[in-house]
Structures are given as C-alpha cells and as structure tokens.
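# What the coordinates show
Residue-level listing of the chains:
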Amino acid sequence: MSNKPLISVVLPVYNGQRYLAAAVSSVLMQSMKDFELIVIDDGSTDGSLAILEGLARRDQRVRLVSRENRGLVATLNEGISLARAPFIARMDADDICLPQRLARQWAFLQANAAVVCVGGYYQLMDQRGRHLTTMTPPSDHAGLERELLAGHTPLCHPSAMMRAQAVRAVGGYDPAMMLAEDLDLWLRLGEIGRLAVLPEPVIRYRLHGESVSEKAGLKQRQVARAAVEAAWRRRGISGRFEAQDPSRPQSSRRSRHRFALLYGWWAFGSGQRRTAMLYGLRCVSLLPWNLEGWRLAICAAVKPMPGTARGAAEITS
C-alpha cells in the first residue's frame with residue numbers, strides 16, 4: 001500500500017462479529033489493490049475487535065482504530081478525517097463487495113469529473129446470505145435527485161464511492177440527521193456536483209431479520225422528512241415528501257408476514273425456488289389464515305420458475 005492510496009474504504013464496526021470476516025475479506029480481495037481499509041471499532045462488546053486485529057496483522061492495508069462507543073455518525077466522520085485517498089468508499093460490516101466494485105467505481109469517477117458520488121445496483125440477500133433480488137435504482141443524476149427530494153434513498157449507503165474533497169466541502173455527515181444521515185449527505189452532495197449509479201451490481205446487501213421498533217421507524221421517517229425539507233429550503237423549491245414504510249420487519253406477526261411475503265416473491269422472481277418456498281412456509285406459520293402465504297408456498301413448490309422457457313411462456317401468456 002502506498003503512502004497515499006487511490007481509495008480509502010471506510011468501514012464502521014459495532015458488534016459485527018457474525019459477518020465481519022466475510023465483509024472485510026470481500027474488500028481485501030478486490031481486483032484493484034491500491035487502497036487503504038479504515039476500520040473503526042466503535043466500542044464493540046462482542047468479538048469484533050479480536051477478528052479485526054487478526055485481519056490487520058495479515059494485511060497492512062487495514063488501518064484499525066479501536067475506542068469507546070461514539071455512534072455511527074461520529075464514526076463515519078472520523079473515518080473521513082483519517083482518509084488519505086482522493087476517493088472514499090463506504091462499506092458496512094455485514095455486506096459483501098463484489099470483486100470489481102472498487103475498480104469500476106474508481107474508473108467511472110476518473111472518467112466523469114462532474115460526478116461527486118457514485119453508487120451501483122445492489123443484490124439483496126437475507127441474513128443467511130440467500131439471494132433475494134437485485135435492486136436497480138435510477139443511474140442518472142436527475143432520476144436520483146427526484147427520488148432523494150421525495151425522501152427515498154436510491155443510493156445504497158455501503159455501495160457509495162465519493163470524492164473526498166466534495167464530502168469535506170459539505171461538512172461530512174450531520175449528527176442531527178442520525179437515522180437518515182445518508183439521505184441528507186446525498187442531498188447536500190447533489191447541490192455541489194452530480195450523483196450517479198453504475199448500472200451493474202457492486203455489493204451484496206444483507207437484510208436482517210431482527211425487528212425494528214415502531215418508535216425507531218417513526219423517528220427515521222421524521223428525520224428523513226427534516227433532511228428533505230432542509231434541502232427544499234436550500235434550493236428554494238417546494239416538494240412532496242413521500243412517507244416511507246418501515247424498511248425492516250416490525251415486531252408484530254403481521255409485519256413479519258408482510259416482509260416474508262416480499263422476500264419470498266423476490267426470491268421466486270430471481271429463480272430461487274428453495275428460498276421462495278422457505279419464505280412461503282414462514283408466511284403460513286405466521287398467519288395461517290392469510291391466503292397470500294399459501295399462494296407463495298404453492299407457487300414456489302409447483303410453478304415453473306421465471307427464466308425457464310416454460311416459466312417465461314406462462315408469464316407472457
């Protein structure tokens with residue numbers, strides 16, 4: 001690793017031992033080698049630090065910082081302050097970088113001087129790593145801005161690569177926007193440059209099964225609205241905030257059923273019969289009287305999968 005690498009990858013960690021080794025390894029095995037991986041252990045109380053210390057001993061590109069818990073936004077801003085490269089890539093402790101991710105995004109930013117942040121398509125997987133679907137947000141600045149100004153986050157946070165100078169120019173992450181800190185940052189970056197998304201998957205993004213409380217979901221929507229309204233004021237425009245549904249299952253059986261149904265149909269549409277059947281059966285166990293869960297389970301068991309000749313014929317007939 002050079003004294004001034006081409007890319008600084010910033011990876012915050014808090015109690016991430018379950019998936020951490022795989023996440024870090026996916027960065028270290030990138031086809032592009034000239035980067036530093038800044039890993040900040042934010043006061044973990046599990047075995048995360050021991051895992052990270054072992055990885056840092058084996059690869060000099062890992063710059064490990066360990067200290068008391070300060071929260072995600074403070075940790076991200078610390079990573080930005082430590083970054084030595086002109087480009088900063090985000091990564092999370094439970095996701096997987098696809099092998100060409102850094103090379104493709106770096107090349108895109110080199111070729112597009114007006115772009116200050118680029119993301120990519122991203123593959124959704126469940127907590128056990130089973131593929132669900134691939135998300136394909138808009139790839140152009142105008143399309144991304146439309147969604148951001150309505151309160152959506154089409155730029156997947158751990159898929160982003162940013163120009164360090166631009167991130168610092170807008171002041172990094174705003175602590176007041178915790179829970180929607182990425183949405184707020186994309187809005188501010190979009191005011192000094194252009195945003196983009198590579199039309200190809202760059203990461204595998206893990207969806208966890210743990211419940212998120214109603215209170216946290218409501219708070220996230222409130223902060224997202226505040227970020228969007230602040231952007232409207234800065235730009236002198238009016239807009240319409242599209243209230244977001246919770247992005248994770250809530251504690252109720254009905255909410256867990258709704259997400260199991262969503263994940264199951266995603267898996268079915270991706271040709272993942274076994275995964276679709278698993279989620280269909282989960283739906284049935286959660287709400288046995290709800291026919292939608294039975295429909296998913298039966299389709300997963302007997303219908304031709306999308307992508308097969310017979311399945312494609314049935315879909316188009």
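So, how was this worked out
- Residues numbered from 1 in each chain as written.
- Predicted model: local features only at pLDDT ≥ 70, side-chain atom pairs only at ≥ 80, totals over all residues.
- Heavy atoms only, no water.
- Helix = DSSP H or I, 4+ residues; strand = E, 2+ residues; numbered from the N terminus.
- Rg over C-alpha atoms; globule rule 2.2 N^0.38 Å.
- Buried < 20%, exposed > 50% of the residue type's maximum accessible area, 1.4 Å probe, protein only.
- Contact = heavy atoms within 4.5 Å.
- Areas by Shrake-Rupley, 256 points an atom, 1.4 Å probe, with all protein chains shown as cover.
- Pairing = 2+ DSSP bridges.
- Right-handed = clockwise from strand over helix to strand, strands pointing away.
- pLDDT = per-residue confidence, 0-100.
- Phe/Tyr/Trp six-rings, centres within 6.5 Å; stacked < 30°, edge-to-face > 60°.
- Arc of directions from axis to C-beta.

## Some remarks on the overall build of the protein chain
Scanning the protein chain from terminus to terminus reveals 12 helices and nine strands. The C-alpha radius of gyration computed for the protein chain amounts to 20 Å, which stays within 12% of the reference 20 Å derived for 317 residues, consistent with globular compactness. When the backbone C-alpha atoms are referred to their principal axes, the protein chain occupies close to 60 × 50 × 40 Å. The proportion of buried residues among the 317 residues of the protein chain is 51%. Of the contacts formed within the protein chain by residues at least 6 apart in sequence, a portion of 78% connects residues at least 24 apart. On the protein chain, roughly 14,500 Å² of surface is accessible, and the fraction owed to carbon and sulfur atoms is 54%.

## Some remarks on the environment of P175
Position of P175 among the secondary structure elements: in the loop between helix 6 (164-169) and helix 7 (181-189). In sequence terms P175 and A74 are 101 residues apart; their C-alpha atoms lie 7.2 Å from each other.

## Thoughts on unusual backbone geometry
Despite not being glycine, N15 has its phi angle at roughly 50 degrees, a positive value. On the basis of relative accessibility, which here comes to 30%, the residue N15 falls in the partly exposed class.

## So, the pairing of strand 2 (residues 35-42)
Strand 2 sits mainly inside the fold: eight of its eight residues count as buried. Where burial is concerned, the two faces of strand 2 agree: the one with F35, L37, V39 and D41 and the one with E36, I38, I40 and D42 are both buried. Strand direction decides the pairing type here: strand 1 (residues 7-13) and strand 2, joined by seven bridges, are parallel. When the sheet's bridge partners are listed, V13 is paired in strand 2 with D41. Handedness of the crossover joining strand 1 and strand 2 through helix 1 (residues 20-28): right-handed. Two strands pair when backbone bridges link them, and strand 2 and strand 3 (residues 62-67) are joined in this way by six bridges, in the parallel orientation. Within strand 3, the residue paired with V39 across the bridge is L64. At this point the chain moves from strand 2, through helix 2 (residues 48-58), to the parallel strand 3, and the crossover so formed is right-handed.

## Concerning the confidence of the model for the protein chain
Taken residue by residue, the protein chain gives an average pLDDT of 93. The fraction at 70 or more is 93%. Every residue in residues 309-317 is under pLDDT 50, and counting partners more than four places away or in other chains gives six contacts.

## Re the packing of aromatic side chains
Tallied over the entire structure, the rule returns five aromatic pairs. With a centroid separation of 5.6 Å and an interplanar angle of 85 degrees, the aromatic rings of W265 and F268 are classed as edge-to-face. Of this pair, W265 and F268 both sit in helix 9 (residues 253-269), three residues apart, which is roughly one turn of the helix. Among the residues examined, W265 registers a relative accessible area of 25% and is labelled partly exposed.

## Considering helix 4 (residues 101-111)
Where helix 4 is concerned, the buried positions are R101, L102, Q105 and L109. Buried residues of helix 4 fall within an arc of 85 degrees about the axis and therefore sit on the same side.

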